[in-house]
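# Commentary on secondary and tertiary structure
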Amino acid sequence: MFCCLKSCLNGVLPAQSVHITKTSNPVQLDSSHMGHEVVIIKNGMRACGTGGVLANAPLVQSKSYFEVKLQQSGHWSIGLATQQTDLNQSVGGKDRESWCLNSNHLVLHGGDVIYRLDASKGAGVPNGGQNSPGHSTTTTAPGTVPVDLGPVSAPAFPPAPGSASAAEGGLPQEGDTIGVAYDHVELNFYLNGKNLNVPVLNVRGTVHPCLFVDDGAILDIVLDNFAYGPPPGFERILVEQSLL
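Reference entry: report on the structure contained in this document. (Residues numbered from 1 in each chain as written. Predicted model: local features only at pLDDT ≥ 70, side-chain atom pairs only at ≥ 80, totals over all residues. Heavy atoms only, no water.)

## Some points on the overall build of the protein chain
Each helix and strand in the protein chain was counted, giving two helices and 16 strands. Contacts in the protein chain between residues at least 24 apart in sequence constitute 64% of all its contacts with a sequence separation of at least 6. Here the protein chain displays about 11,900 Å² of accessible surface, and carbon together with sulfur accounts for 51% of that area. (Helix = DSSP H or I, 4+ residues; strand = E, 2+ residues; numbered from the N terminus. Contact = heavy atoms within 4.5 Å. Areas by Shrake-Rupley, 256 points an atom, 1.4 Å probe, with all protein chains shown as cover.)

## Some points on the packing of aromatic side chains
The description of an aromatic ring pair uses the distance of the two centres, along with the angle that the planes make with each other. Counting across every chain of the model gives one aromatic pair. Arranged with centres 5.0 Å apart and planes meeting at 80°, the rings of tyrosine 65 and phenylalanine 226 form a pair that is edge-to-face. Placement of the pair is tyrosine 65 in strand S4 (residues 64-72) and phenylalanine 226 in the loop between strand S15 (218-222) and strand S16 (235-236), with a sequence separation of 161 residues. Looking at tyrosine 65, the relative accessible area reads 2%, which means it is buried. (Phe/Tyr/Trp six-rings, centres within 6.5 Å; stacked < 30°, edge-to-face > 60°. Buried < 20%, exposed > 50% of the residue type's maximum accessible area, 1.4 Å probe, protein only.)

## Looking at the pattern of salt bridges
Side-chain pairs of opposite charge can arise whenever the charged atoms involved come near each other. With the rule as written, the count across this model stands at three salt bridges. Among the ionic pairs, lysine 42 bridges to aspartate 220, the shortest N-O distance being 3.1 Å. A residue pair is termed long-range when its members are at least 10 positions apart, and lysine 42 in the loop between strand S2 (37-41) and strand S3 (46-55) and aspartate 220 in strand S15 qualify at 178 residues. Salt-bridge contacts for arginine 46 lead to aspartate 220; the nearest nitrogen and oxygen are separated by 2.7 Å. Here arginine 46, found in strand S3, pairs with aspartate 220, found in strand S15; they are 174 residues apart in sequence, far enough to count as distant. Taken together, the shared-partner salt bridges connect Lys42, Arg46 and Asp220 into one network. (Salt bridge = Lys/Arg side-chain N within 4 Å of Asp/Glu carboxyl O.)

## A closer look at the environment of arginine 204
By the secondary structure assignment, arginine 204 is in the loop between strand S13 (194-195) and strand S14 (208-214). Judged by its relative accessible area of 56%, arginine 204 falls in the exposed class. It is 8.6 Å that separates the C-alpha atoms of arginine 204 and histidine 184, two residues lying 20 residues apart in sequence. Leaving out residues up to four positions away in the same chain, arginine 204 has contacts with Thr82 and Trp99. A polar atom in the side chain of arginine 204 sits 3.3 Å from the side chain of asparagine 202. (Polar contact = N/O pair within 3.5 Å; in protein donor to acceptor, adjacent residues only side chain to side chain.)

## So, the pairing of strand S12 (residues 187-191)
The buried fraction of S12 amounts to five of the five residues, a majority that puts the element mostly inside the structure. Residues Leu187, Phe189 and Leu191 point to one face of S12 and Asn188 and Tyr190 to the other, with burial holding for every one of them. When strand S11 (residues 177-182) meets S12, the two strands line up antiparallel, connected through five bridges. Its bridge partner lying in S12, valine 180 is registered against phenylalanine 189. Counted along the chain from S11 to the antiparallel partner S12, the turn is four residues long, and its residue histidine 184 has a positive phi close to 70°. Bridging between S12 and S13 involves two bridges; their strand directions are antiparallel. Note that in S13 the partner of tyrosine 190 across the bridge is asparagine 195. (Pairing = 2+ DSSP bridges.)

Laid out in structure tokens, this is it:
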């Protein structure tokens, strides 16, 4: 835990000189909705430790977008969740209150695999294409496959094939940026600005951005000044007051 915290704090220790701080974005990671072993720093923008954390603003506008920088590899999950999700889990998408892309290349909801990222196609394969050894083939909902995620057996990040970029391989790696776009019809994930083609439907309830971390993962949520920018028609998360 100390090593994780040391890495998490890297580059954000207070400087000796005094400087003027700009007005911060009201949207940030919410310390009142996080797991017991999650650490939030960098003005509410960085998560490390173990467990999940929600952002403090629900997605109430018609088309919203945010990004997450994969600062350090490990086990992570990125997506949306309601305030009823279990934030003391280390994997998102294991309950019916969260919808997440995970570091083992699965898109999960309710513990079921909706998609498995396919590096050869640079896109998602419904139902994971094939079941991993030892996983049940009995479906609990149309188009899903149950999967045991405790512990996650797949590597958090695949080996980098030479100098090929993650976008070319279609799989997230340390240093990449995951974009998340939601329009109350579809939830879509982007890798370094490229659509992963894993649209998630039937997201229910009042949802917030969520991050889950474990095994040394460090994630930074990006709420403006995006690295790749939102898809056409989408914009940064707005708080309810700004929608009036």
